[in-house]
Amino acid sequence: MLNSITLLSVACFMTDQTVSSWRRRLGHPRGRDLSPVALVTLRALLGDERQQPSLRQRDQLLEHLHAIQDAHGHLSMVELRALATYMNLPMAAVYETATFYAHFDVVHDGQTPPPDTTVRVCDSLSCQLAGAAQLKAKLEKGLDPETVRVLRAPCMGRCDSAPVVEVGHHHVQFATAEGVEAVVDTGHFQPEAIIWQRLEAYQQAGGYQLLADCRGGGASALTHLWRRWTKQA
Ligand code: FES
């Protein structure tokens, strides 16, 4: 009888902190509980980390966040919790990374996910000078906010073709409102494949020849450049 009374009194005076510290000692993760369904869904998307331990490596975090964002259009807190367990990382590390980058949309519990399509208008210097503000205003007027959201974005590294707009992952160069709307209608949101010149092909075409000559002592850099220039002139 005394024991039951003692236990009851202890239970009454237990605070949230006491419970959570007991849970930690008992091996429970901190914070909200993990959804087992979310973990199964994550394994279906990213692969089974129990079979492939490399999937747990910390440098995979961004890859995984991209994969979830691309698959579901946003990152829910349920998915972030599942990812923390999947990678055996603290939830704070996953949340911090997900909220640092503008391209990830973290949706908190109870929040409405963003529309399916995102249009990002670059508003850094070159694009500003090329009319980015007016373009953004036109797009906000012309596109349906239920299905498309229009956001500002920093430089996209294509300043020579300003103004630049990104629809999903597809860059529209020298963008106009009509051109962007046409891309939204076609649903072509993936980036264009880039055909890179391989190193071997570059070297076969004379690439790094000057460097090789200088290193070999056959010609001074200036002599070589002079010969080249007079040949071309
Ligand atoms: S300023 Fe817009 S792409 Fe660089």
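What counts and what doesn't
Residues numbered from 1 in each chain as written. Predicted model: local features only at pLDDT ≥ 70, side-chain atom pairs only at ≥ 80, totals over all residues. Helix = DSSP H or I, 4+ residues; strand = E, 2+ residues; numbered from the N terminus. Buried ≥ 20, exposed ≤ 12 C-beta atoms within 10 Å, placed from the backbone. Contact = placed C-beta atoms within 7 Å. Pairing = 2+ DSSP bridges. pLDDT = per-residue confidence, 0-100. Axes fitted to C-alpha atoms, helices over the stretch in contact; angles between N-to-C directions. Core = buried A, V, L, I, M, F, W, Y, C linked by C-beta atoms within 7 Å. Parallel < 35°, antiparallel > 145°, perpendicular 65-115°, else oblique. Left-handed = near helix turned anticlockwise from the far one by under 90°.

Caption draft 1: Seen up close, the overall build of the protein chain. If you tally the helices and strands in the protein chain, you get twelve helices and six strands. Across the 233 residues that make up the protein chain, the buried fraction comes to 17%. Long-range contacts, defined here as pairs at least 24 residues apart, represent 56% of the contacts in the protein chain between residues at least 6 apart.

Caption draft 2: Molecular detail of the pairing of strand 3 (residues 117-122). A large share of strand 3 lies buried, amounting to five of its six residues. One ladder, built from six bridges, connects strand 3 with strand 4 (residues 148-153); its direction is parallel. Following the sheet pairing, Thr117 is matched in strand 4 by Val148. As judged from the three bridges shared by strand 3 and strand 5 (residues 165-167), these two strands associate in the antiparallel manner. Across the sheet, the residue bridging to Val121 is Val165, located in strand 5.

Caption draft 3: How the structure looks around the confidence of the model for the protein chain. Of the residues in the protein chain, 83% have a pLDDT of 70 or more, and the chain-wide mean is 85. Residue range residues 4-24 is modelled with pLDDT below 50. Its contacts to residues more than four positions away, or to other chains, number four contacts.

Caption draft 4: Structural view of the sheet that holds strand 4. Judged by pairing direction, the sheet is mixed, and its four strands sit side by side in the order 4-3-5-6 without closing on themselves. Each edge of the sheet is formed by a strand with only one pairing partner; in this case those strands are strand 4 and strand 6 (170-172). The average undirected angle you get between the axes of adjacent strands in this sheet is 25 degrees. Sheet strands touched by helix 8 (residues 132-142): strand 3 and strand 4. Its angle to strand 3, the strand with the most contacts, is close to 160 degrees.

Caption draft 5: The environment of Gly131, seen in detail. With respect to the helices and strands, the residue Gly131 is situated in the loop between helix 7 (125-129) and helix 8. C-beta crowding within 10 Å serves as the criterion here: with 14 such atoms nearby, Gly131 is assigned to the partly exposed category. Distance from Gly131 to Ala162, taken between C-alpha atoms, is 8.6 Å for residues 31 residues apart in sequence.

Caption draft 6: Structural context of helix 5 (residues 77-87). When you tally the buried positions in helix 5, you get eight out of eleven residues, the bulk of the element. Burial in helix 5 covers these residues: Glu79, Leu80, Arg81, Ala82, Leu83, Ala84, Tyr86 and Met87. The positive-phi residue at the C-terminal boundary of helix 5 is Asn88, with phi of around 55 degrees.

Caption draft 7: Expanded view of unusual backbone geometry. Pro163 follows Ala162 through a cis peptide bond whose omega is 0 degrees. Considering the arrangement of structural elements, one finds Pro163 in the loop between strand 4 and strand 5. One non-glycine residue, Asn88, lies in positive phi territory at about 55 degrees. You can see Asn88 is positioned in the loop between helix 5 and helix 6 (91-100). What makes Asn88 exposed here is the crowd of 10 C-beta atoms within 10 Å. Positive phi is not limited to glycine here, since Tyr208 has a value of about 65 degrees. Inspection of the secondary structure puts Tyr208 in the loop between helix 10 (199-204) and helix 11 (209-216).

Caption draft 8: Geometry of the nonpolar core. Val119, Val121, Val165 and Val180 are the most contacted members of the largest nonpolar core, which has 19 residues in total. At the level of secondary structure, the elements contributing two or more residues to this core comprise strand 3, helix 8, strand 4, strand 5 and helix 9 (177-186). Each residue touching Val121, except ones within four places of it in the same chain, is listed here: Ala132, Leu135, Lys136, Leu139, Val150, Arg152, Ala153 and Val165. Core analysis: the second largest hydrophobic core is formed by twelve residues, Ile68, Leu83, Tyr86 and Val94 among them.

Caption draft 9: Representation of the packing of helix 5 against helix 6 in the model. Contact geometry for helix 5 and helix 6: axes closest at 9 Å, N-to-C directions at 125 degrees. When the axes of helix 5 and helix 6 are compared, the pair comes out oblique. The interaxial crossing formed by helix 5 with helix 6 has right-handed handedness. Contacts between helix 5 and helix 6 involve Leu80, Arg81, Leu83 and Ala84 on the former and, on the latter, Met91, Val94, Tyr95 and Ala98.

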